[in-house]
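Next come the chains, spelled out residue by residue.
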Amino acid sequence: MTPHVLKHIISFKKLKVGFKTVRDTAKAMIFSREKWILAFLEYQKPCDETFAVRCKGIFFEIYEVIPLKNRQLEIICNNEIAPDVFCLTLGGILFNEEIHPGQFVNIHVPGKSLRRPISVSRIYGDRIDLIYKIVGEGTEILRNIKSGYLDVLLPCGNGFDLSAFQNEILIIGGGMGVAPLFALTSEAIKQCKKVTVIFGFRSPKDAILEEALMNLGVDYHFCFDSEGVNVVTMREQLGMSHMPFAACGPLPMLRALCSMKDADTVHERQNLINDDIYGQLSLEARMGCGFGACMGCSIETKQGMKRICKEGPVFNSKEILWDKI
Amino acid sequence: MTPHVLKHIISFKKLKVGFKTVRDTAKAMIFSREKWILAFLEYQKPCDETFAVRCKGIFFEIYEVIPLKNRQLEIICNNEIAPDVFCLTLGGILFNEEIHPGQFVNIHVPGKSLRRPISVSRIYGDRIDLIYKIVGEGTEILRNIKSGYLDVLLPCGNGFDLSAFQNEILIIGGGMGVAPLFALTSEAIKQCKKVTVIFGFRSPKDAILEEALMNLGVDYHFCFDSEGVNVVTMREQLGMSHMPFAACGPLPMLRALCSMKDADTVHERQNLINDDIYGQLSLEARMGCGFGACMGCSIETKQGMKRICKEGPVFNSKEILWDKI
Amino acid sequence: MGQNIDLSGMMIDNPLIPASGAFGYGMDYQDFFDVNEVGTFCTKGTTLHPHKGNPLPRIAEYSGGMLNCVGLENPGVETVVREYFPKLRNTYHKKVIANVCGFSVDDYIKTAEIFDREECVGLIELNISCPNVHAGGAAFGKDPSIASEILTEVKKVCRKPVYVKCTPQCPDLVLMCKTLEASGADGLVLLNTWLGMRLDIRTGKPILSNITGGVSGPGIFPLSLYKIYEVYKNVNIPIIGCGGISNGRDVIEMMSAGASAIEIGTELLTDPMALPRIKKELSELMDTYNITELSEIIGRAHK
Amino acid sequence: MGQNIDLSGMMIDNPLIPASGAFGYGMDYQDFFDVNEVGTFCTKGTTLHPHKGNPLPRIAEYSGGMLNCVGLENPGVETVVREYFPKLRNTYHKKVIANVCGFSVDDYIKTAEIFDREECVGLIELNISCPNVHAGGAAFGKDPSIASEILTEVKKVCRKPVYVKCTPQCPDLVLMCKTLEASGADGLVLLNTWLGMRLDIRTGKPILSNITGGVSGPGIFPLSLYKIYEVYKNVNIPIIGCGGISNGRDVIEMMSAGASAIEIGTELLTDPMALPRIKKELSELMDTYNITELSEIIGRAHK
Ligand SMILES: Cc1cc2nc3c(=O)[nH]c(=O)nc-3n(C[C@H](O)[C@H](O)[C@H](O)COP(=O)(O)OP(=O)(O)OC[C@H]3O[C@@H](n4cnc5c(N)ncnc54)[C@H](O)[C@@H]3O)c2cc1C
Ligand SMILES: Cc1cc2nc3c(=O)[nH]c(=O)nc-3n(C[C@H](O)[C@H](O)[C@H](O)COP(=O)(O)OP(=O)(O)OC[C@H]3O[C@@H](n4cnc5c(N)ncnc54)[C@H](O)[C@@H]3O)c2cc1C
Ligand SMILES: Cc1cc2nc3c(=O)[nH]c(=O)nc-3n(C[C@H](O)[C@H](O)[C@H](O)COP(=O)(O)O)c2cc1C
Ligand SMILES: Cc1cc2nc3c(=O)[nH]c(=O)nc-3n(C[C@H](O)[C@H](O)[C@H](O)COP(=O)(O)O)c2cc1C
Ligand code: FES
Ligand code: FES
């Protein structure tokens, strides 16, 4: 880890495991980034993504590195990839395994009071891709920022739990819900799972990520409302209606995915939630903070109140109280 | 005038004087900058700073060019020239004789609600210099903007009236008040007046514009509070206490300049305003708009209420009601 | 696409009205845009006699806009109708809303009466809500009985529609507005500025000469919007919405909450080109959201 | 340079207090800074029984900050003291302010009583000002007689200082505060959120599930400042200032107006690193303006 990296770390938690030269340091020191950088530059002590060693008088101190959740990431590119849909690549210090598929970042959009939550849709080295749709004032501002830095909180939320799936996983996305699912698909393939992807869009011109899925060599199916096929009917056609799945998309779609397969319309399915189907669902909410402090995003679940930004955004379909969301 | 110039002009008032091919145009046309530019680019008709000619069907129309008071000016440089004092050079479309010494610009500082009024201290071709001191949040933001464009209203206010002076003029500035007086000095010299300049600063390190005055070859005198000399005592020393003057600076200084010369202290002078001395004084006020709409800057004068941003900032010393400001 | 609005018989071709105190007497924006683009505009608050207003400083800032304690500086109604209106007519060809203020009931009556006779006045706006004067102003606007007395008397001498501009400092605004409706108000203008203050960070003392000032600008928008929403539920006369509007989206929201038209103050002062900009934004939004007749969205939040 | 502040016997080493509802139970900021940097913090509004709050959406935005209608979601006082406080003590070593809310007088008494017994609770903040619940909350905060009844009863069961957090919706805030002082309030927290709303631009319908929400953030700062200035003139108990504070300068202003300490809500949510930043700004400003003892500037606007 270079000195450069240190700028992006605020706290070094003192390692709990013993180490001969470890000794107590003033709290103030631990939380003062500037002093750390100074000390580091002065002594050029080794430091990696997991441990930081600091020279204090005649002692060495060893700390566990806790990456700061608030970082300034550089805009690498920000281009339109479909009508009103942009891919924003951010670069900077990202730690190994720091971000899991299904987690999101919370972006300060200059001029806006509240941050905007956007899922991470690709994670590669020191870069991440975010795919976002222009829906209002914040995304409208974001589309026009082509360089510089963004103030970002990351990673936020829990992400999908791939370990809960056996060898096979069905990944279902609708609209912008496909964004986090691309990260999930990549990860599932890395873990050698058998993956089937169903992505639904309003019409072929709204489709995104097809080339990327192709490059992954994954079995994927696109369907379009404009052609009368949605992800639920597609799932039926593929005979996969009882397969465990991970999904992200509009609420009616998620609801329908958790319903009896033999109901005729999405409307009917709403009352026919089928608890035999296991799914991991990523939900959305307007957020105040994005890191659990404000209760602005809580929903009632079978296990009590849960915050979409912290205990979520990914929920087990079986814990959802469908009449409460 | 190049097509580029047209971007900075909003309104083309139809010339009142007759012209064979002139005919009425829809109001909408007159106020639509975009359409004008289009029309201009299309027909490449001649256009200068005073007149614009436009081809409409088989007719030519001739308009008087009215420069838009709201312009985007480019930041050419923005450097510290004394402790906490910056010189900001802005460039862009400026029209001949558009700005007079003593007038100011009203700058939108990104992130701030109200604009900041700053005097123009040098006018040269398509550039102006502004000299400003860091005093609060707005100037603090401004000092850090090193490139790009600023949204500026210009020119604002009346400016000094050099024609009211005979062949000689005494120019007196205190602190940041010297800023507009440099423009005035240049202009007075251009008009072949005999100019004497007295600038007062807190201490020698705060002094600015000395080199510029030297280059103008003008007779100038600097004085410093730290050395126990202020502009009033300097004026007495030079035996110029009854000479007509133009001044800008803190209110107590302006008040003292208009007082009986034989009062001992500034405090005493406040009650001894001497109406025999003719001065043009540039005043300051917190401003809401800077263009006369809000009455946020009005003072009572012998001629009734006057707006510092519109009828001012330069006032005849004889119209000031000293107990009202 | 229609933007016509009917304010108790005064027809305006778009709902954007520069608010009182932010547009002088209509002659300060000519270097920025064609002032005929406004729906109509409100004059600076005008009193029977010339009024000097408060000493400087009259202006302070906050991150959501500004504070002012101008305190109704104006040349008096006689000068306005005799000198300003004739000049105004050279460049402005629509009607105006005359913002009338006073320090006694009698002041209001006489001032309104003079304005009412003017050809170019389309509507009288009774300002019982100026927070920056010590007599009259918002003091009247907090008490429904005084407010309705002023209104009743003014109505007797005016043939033109009379709207009342209320203050958010009124402890029970809904009651106030219902009382005004019952007393014959043709419409309401909601709201004048909110009382606030700023202190000088060095001395700790108030910045404004009057200690407090009226807070305006985008920072108060959700507060105004809510008040208009509440009053709309309780009255049947037109409401002109005002407070923090800075773009086309705000206009749509304010009208959805119940405003028939809207006034814009602070945004015009900080961006003198705001009016044509907002007008353009509004047209674009009407396109985007398939609003063919703007008047149809008035109060749709309640439906 | 001293920043120590005495809140009716609860000593805090700096005046910066995360406001109720913006800091959960103290465990959500650990990824951002050492939470012991705060002077103290207010817990999320806590009721006797677990409370689910309002449906989503609970959050909206405006240019000066945010609106919320969380509606007091909390796990109930028992869970807080049994599960949360023990966990909190692993990382946080100062005392907390317990924000107590209820739907009846009895709720307030019982909840406050439980908190009062807790070692880590330094002060009780009676929240009679939540605008987002239909019973209790701000309804109590508008009526001085109910408010003082709650306070009197709570005082009987608490040994720790009891502060009352008021609502700006109170029609006569000065009267309310004087009544509370007379009824034995140890201090006041001014203010909770201001009632407001936003509408969806497409449908014209309210964005928040509860129709209205509490407005907070920098947009309301001059309004809060003024209210605190007014109340300070009329009471002799400490005031904790709250509403729109976002930087060190605001802290100085709020204390100059009369606040002994200040609470920060919205700014922490939008910038989770705001607390250490504001603390740094405050120290720098004390340097710049030669303030050696911060407590000395309390109320200097009035001197
Ligand atoms: C966990 C999570 C992950 C998301 N991932 C993506 C993604 O990968 N790609 C993508 O295009 N969008 C994503 N969204 C939705 C995205 O946050 C909104 O589209 C965006 O905030 C809209 O901002 P705006 O300013 O353009 O809209 P405005 O309507 O102007 O925003 C106003 C307010 O509402 C909030 N808001 C509006 N729509 C939504 C929404 N659907 N969900 C949450 N808050 C909303 C905004 O954050 C803001 O606070 C995600 C949302 C969540 C909660
Ligand atoms: C006509 C005119 C010409 C001026 N020319 C110059 C100049 O050439 N160089 C220069 O350094 N300064 C000049 N000033 C003063 C300059 O406008 C202020 O120093 C500046 O606005 C301070 O802004 P701030 O955000 O740093 O201070 P803040 O105190 O944070 O500003 C808060 C508010 O107060 C206003 N304000 C604060 N101080 C003043 C002041 N002295 N005069 C007017 N408004 C003030 C600001 O504009 C803003 O609205 C001029 C003022 C006027 C009225
Ligand atoms: C500088 C200034 C002067 C004002 N003068 C008046 C006035 O004379 N009469 C009046 O009724 N309202 C006056 N107002 C209030 C505005 O008309 C308007 O109600 C208020 O500013 C809220 O709208 P805004 O947020 O769009 O500015 C004034 C406002 C400002 C900012
Ligand atoms: C999301 C949110 C939740 C809140 N919850 C509570 C609460 O439970 N109890 C309370 O007394 N105040 C609550 N408040 C009000 C704040 O404590 C504070 O009084 C208000 O937000 C104004 O301060 P600010 O402008 O710094 O945010 C809440 C505010 C927000 C934004
Ligand atoms: S957004 Fe604040 S708790 Fe989830
Ligand atoms: S600042 Fe608005 S009239 Fe002068």
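This one's a predicted model, so the numbers in the text were calculated from it and none came from an experiment. (Residues numbered from 1 in each chain as written. Chains lettered and ligands numbered in written order. Predicted model: local features only at pLDDT ≥ 70, side-chain atom pairs only at ≥ 80, totals over all residues. Heavy atoms only, no water.)

Draft legend 1. Representation of the packing of aromatic side chains. Following the criterion strictly, the structure yields 35 aromatic pairs over all chains and no others. With a centroid separation of 6.0 Å and an interplanar angle of 45 degrees, the aromatic rings of Phe85 of chain C and Phe115 of chain C are classed as tilted. With Phe85 of chain C in helix H1 (residues 77-88) and Phe115 of chain C in helix H2 (residues 105-116), this residue pair connects regions lying 30 residues apart in the sequence. The exposure class assigned to Phe85 of chain C is buried, which follows from its relative accessible area of 0%. The residue whose ring lies beneath Arg122 of chain A is Tyr124 of chain A, and the NZ or CZ to ring-centre distance is 4.1 Å. In this arrangement the basic side chain of Arg235 of chain A is found over the ring face of Phe245 of chain A, its NZ or CZ atom lying 5.5 Å from the centre. (Phe/Tyr/Trp six-rings, centres within 6.5 Å; stacked < 30°, edge-to-face > 60°. Helix = DSSP H or I, 4+ residues; strand = E, 2+ residues; numbered from the N terminus. Buried < 20%, exposed > 50% of the residue type's maximum accessible area, 1.4 Å probe, protein only. Lys NZ or Arg CZ within 6 Å of the ring centre and 35° of its normal.)

Draft legend 2. Broad picture of the relation of the copies chain D and chain C. Between chain D and chain C, which share one sequence, the superposing operator has a rotation angle of 180 degrees and an axial displacement of 0.0 Å; the RMSD is 0.0 Å. When the rotation and shift are considered jointly, the pair of chain copies conforms to a two-fold rotation axis. Residue Gly219 of chain D of chain D places its C-alpha closer to the rotation axis than any other residue of that unit, at 2.0 Å. An overlap of 100% is found between the interface residues of chain D and their copies at the interface of chain C, pointing to a shared contact surface. (Least-squares fit on C-alpha atoms with pLDDT ≥ 70 in both. Contact = heavy atoms within 4.5 Å.)

Draft legend 3. Geometry of the site of ligand 2. Residue and element names in this part refer to chain B. Within the structure, ligand 2 sits among 20 residues, and Pro117, Gly138, Thr139, Glu284 and Arg286 are positioned closest to it. At 2.9 Å, a backbone N or O of Gly136 approaches an oxygen atom of ligand 2. The separation between an oxygen atom of ligand 2 and a polar side-chain atom of Arg286 is 2.7 Å. Relative to its unbound accessible surface of 820 Å², ligand 2 loses 87% to contact with the protein. Looking at the shell around ligand 2, the elements with two or more residues in it are strand S7 (116-119), strand S9 (127-133) and helix H4 (137-143). It is S7 that contributes the most residues to the shell around ligand 2, four residues altogether. Residue composition of the shell around ligand 2, grouped by class: eleven nonpolar, four polar and five charged. (Near = heavy atom within 4 Å. Polar contact = N/O pair within 3.5 Å; in protein donor to acceptor, adjacent residues only side chain to side chain. Areas by Shrake-Rupley, 256 points an atom, 1.4 Å probe, with all protein chains shown as cover. Nonpolar A, V, L, I, M, F, W, Y, C, P; charged D, E, K, R; others polar.)

Draft legend 4. Structural detail: the packing of helix H1 (residues 77-88) of chain D against helix H2 (residues 105-116) of chain D. All names here are of chain D. Contact geometry for H1 and H2: axes closest at 9 Å, N-to-C directions at 20 degrees. Classified by the angle between their axes, H1 and H2 sit roughly parallel to one another. Where H1 crosses over H2, the two elements pack in a sense that is right-handed. Of H2, the residues touching H1 (which contributes Val77, Glu78, Val80, Val81 and Phe85) are Thr111, Ile114 and Phe115. Counted by class, the contact of H1 with H2 contains six nonpolar, one polar and one charged residues. (Axes fitted to C-alpha atoms, helices over the stretch in contact; angles between N-to-C directions. Parallel < 35°, antiparallel > 145°, perpendicular 65-115°, else oblique. Left-handed = near helix turned anticlockwise from the far one by under 90°.)

Draft legend 5. Here's a closer look at helix H4 (residues 144-157) of chain D. All names here are of chain D. Taking 1.5 Å per residue, 14 residues should reach 20 Å; H4 reaches 20 Å between its end C-alpha atoms and fits that length. For H4, the complete set of buried residues consists of Pro144, Ala147, Ser148, Ile150, Leu151 and Val154. The buried residues of H4 occupy one face: seen down the axis, they fall within an arc of 155 degrees. On the buried face of H4, the contacting elements are H2, strand S8 (121-127), helix H3 (138-141), strand S9 (162-166) and helix H5 (173-182). (Expected span 1.5 Å × (residues − 1). Arc of directions from axis to C-beta.)

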